[in-house]
Amino acid sequence: MLNEFSRLGTRVTPVLPIDVADGLKLDPARARQIGESLSSDYCFAEPFPHIVLENFLPPELLYGLLEHFPQDKLASDVVFDAGYAGHHKRQILPADCDDYCRRAFDFFNSQPFLEFLEGLSSMEGLLPDPYFVGGGFHEIGRGGKLGIHADFRINNRLHLSRRMNVIIYLNENWCDEYNGSLELWSRDMKAKVKSVAPIFNRCVIFNTDADSYHGHPDPLTTPDGVLRRSVALYYYTASKAIYEEVPNLSTMYAARPGDDAQIRREAAALRRDQYLAQWVPPAVLRYSRGVMRRVRRLGGQKA
């Protein structure tokens, strides 16, 4: 069960009050309200829109993720040893993890979490990535690092625009001397504006812009067996160019060959309405429909 782990001496109120007693539940409207209450802090932050949140999730959920974090190499693991572009870094896809982890990542892709992010960022129409391209669990060992960078901005598999990053840290008893703090740099790369230690249940959320530079470029100096672990989540929006490429028709009904005349008339009328809405200017359509209503009323009076 998702509430099986608890190491709490005192109860901590999380930013997102997820009910873990019966799965993971959070009212979507409440989630959006929480996001909106933090929106000004997020949108006006420097060097780019971002926020750092302590006690982000219920601690028992985070402890559960830590307990269920895959220790052994999995078939889909991606390992980076590319120097400044990512060194001693392991990416773990949720689909290869156990049921506990899969359910947690399902929640991160669910309506309540998206409502929170939309309220926070003032972006509408945010979409999750069911494939977790670049995301999932991240793990970095001694000597590992990730150079300062701005992230990829197009998901080539889904053809979506990447808009937001969410990082949730899973590291208990993290020491500053280990390095590994997330650095946020000015858009012109002239100054480090903020440094964020990757401590347990701290969440960093930020816009994925062309110049939202971040990373942890100093090699980790962790003791043997101490790993820098996090949950990495990315969110997207679709392009409104779709309205230029595909007719914006609603449901199109069709009568079967054997249907009676009444059904054929209803289906034809429904299809006609859709084509009229597509091709006739709105003002003309409103006027013509008004005329038709008046004609029908007059016909009824004469009868």
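Residues take numbers from 1 onward in each chain, read along the sequence in its written order. Local features in this predicted model are restricted to residues whose pLDDT is 70 or higher, and side-chain atom pairs enter the listing and the counts only when it is 80 or higher, whereas totals over whole chains, interfaces and linings include all residues. Values shown for side chains rest on all heavy atoms present in the structure; no hydrogens or waters enter the calculation.

Some points on helix α4 (residues 99-108)
The following threshold applies: When accessible area is computed with a 1.4 Å probe and restricted to protein chains, residues below 20% of their type maximum are described as buried, those above 50% as exposed, and intermediate ones as partly exposed. The helix and strand labels rest on DSSP assignments: H or I over at least four residues marks a helix, E over at least two residues marks a strand, and numbering proceeds from the N terminus. Within this analysis, the arc is defined by the directions that extend from the helix axis to the C-beta atoms. Two residues qualify as a contact provided that any one of their heavy atoms is within 4.5 Å of a heavy atom in the partner residue.
All of the buried residues in α4 are Y100, C101, A104, F105, F107 and F108. Angularly, the buried residues of α4 cover 150° about the axis, an arc narrow enough to put them on a single face. Of the surrounding secondary structure, the elements contacted by the buried residues of α4 are α3 (59-68), α5 (111-121), β4 (136-149), β6 (160-169) and β11 (228-237).

Section: the pattern of salt bridges
Pairing is possible between side chains of opposite charge, provided their charged atoms come close. Put simply, the rule reads: Criterion for a salt bridge: a side-chain nitrogen of Lys or Arg within 4 Å of a carboxyl oxygen of Asp or Glu.
Across all of its chains, the model carries 14 salt bridges by this definition. Residue E115 pairs with R32 through a salt bridge whose shortest N-O separation is 2.5 Å. Of the two residues, E115 is situated in helix α5 and R32 in helix α1 (residues 28-37); the sequence distance between them amounts to 83 residues. Residues E115 and R32 agree in their burial class; the two are buried. Of the charged contacts, one joins D151 and R162 as a salt bridge, the two residues approaching to 3.2 Å between their closest N and O atoms.

Description of empty space enclosed by the protein
The condition that has to hold: Put simply, the grid is 1 Å and covers the protein atoms alone, a cavity is a trapped set of points that fit a 1.4 Å probe, a pocket is an open set with protein on both sides within 12 Å along at least five of seven lines, and lining residues have an atom within 4 Å of a point. Grid points are joined across faces, edges and corners, and a volume is the space filled by probe spheres set on the points. When residue character is reported, Ala, Val, Leu, Ile, Met, Phe, Trp, Tyr, Cys and Pro are called nonpolar, Asp, Glu, Lys and Arg charged, and the others, Gly included, polar.
On inspection of all chains with the given rule, the structure shows 1 cavity of 30 Å³ or more. Here the largest cavity is characterised by a volume of approximately 40 Å³. As for the largest cavity, its lining consists of N109, D129, F132, G135, A232, L233, Y234 and Y235. Class assignment of the residues belonging to the lining of the largest cavity gives a composition of 5 nonpolar, 2 polar and 1 charged.

Things to note about the packing of aromatic side chains
Think of a pair of aromatic rings as described by two things: how far the centres are apart, and how the planes are tilted against each other in angle. We count it as follows: Only the six-membered ring of Trp is used, alongside the rings of Phe and Tyr, when aromatic pairs are assigned; centres must lie within 6.5 Å, and planes under 30 degrees apart are stacked while those over 60 apart are edge-to-face, with the rest tilted. For a lysine, the NZ atom is tested; for an arginine, the CZ atom; a charge sits over a ring if that atom is within 6 Å of the ring centre and within 35 degrees of the ring normal.
On inspection of all chains with the given rule, the structure shows 15 aromatic pairs. Between F113 and Y235 the ring centres are 6.0 Å apart and the planes differ by 35°, which places this aromatic pair in the tilted class. Highlighted residues: F113 in helix α5 and Y235 in strand β11, separated in sequence by 122 residues. According to the relative accessible area criterion, Y235 is buried, its value standing at 0%. Among the aromatic residues, those joined into a cluster by ring pairs are F56, F69, F105, F107, F108, F113, F116, F132, F137 and Y235. Here R162 stacks its cationic end above the ring of F152, 4.2 Å away from the centre of that ring. Sitting over the face of the ring of Y234, R162 holds its NZ or CZ atom 3.7 Å from the ring centroid.

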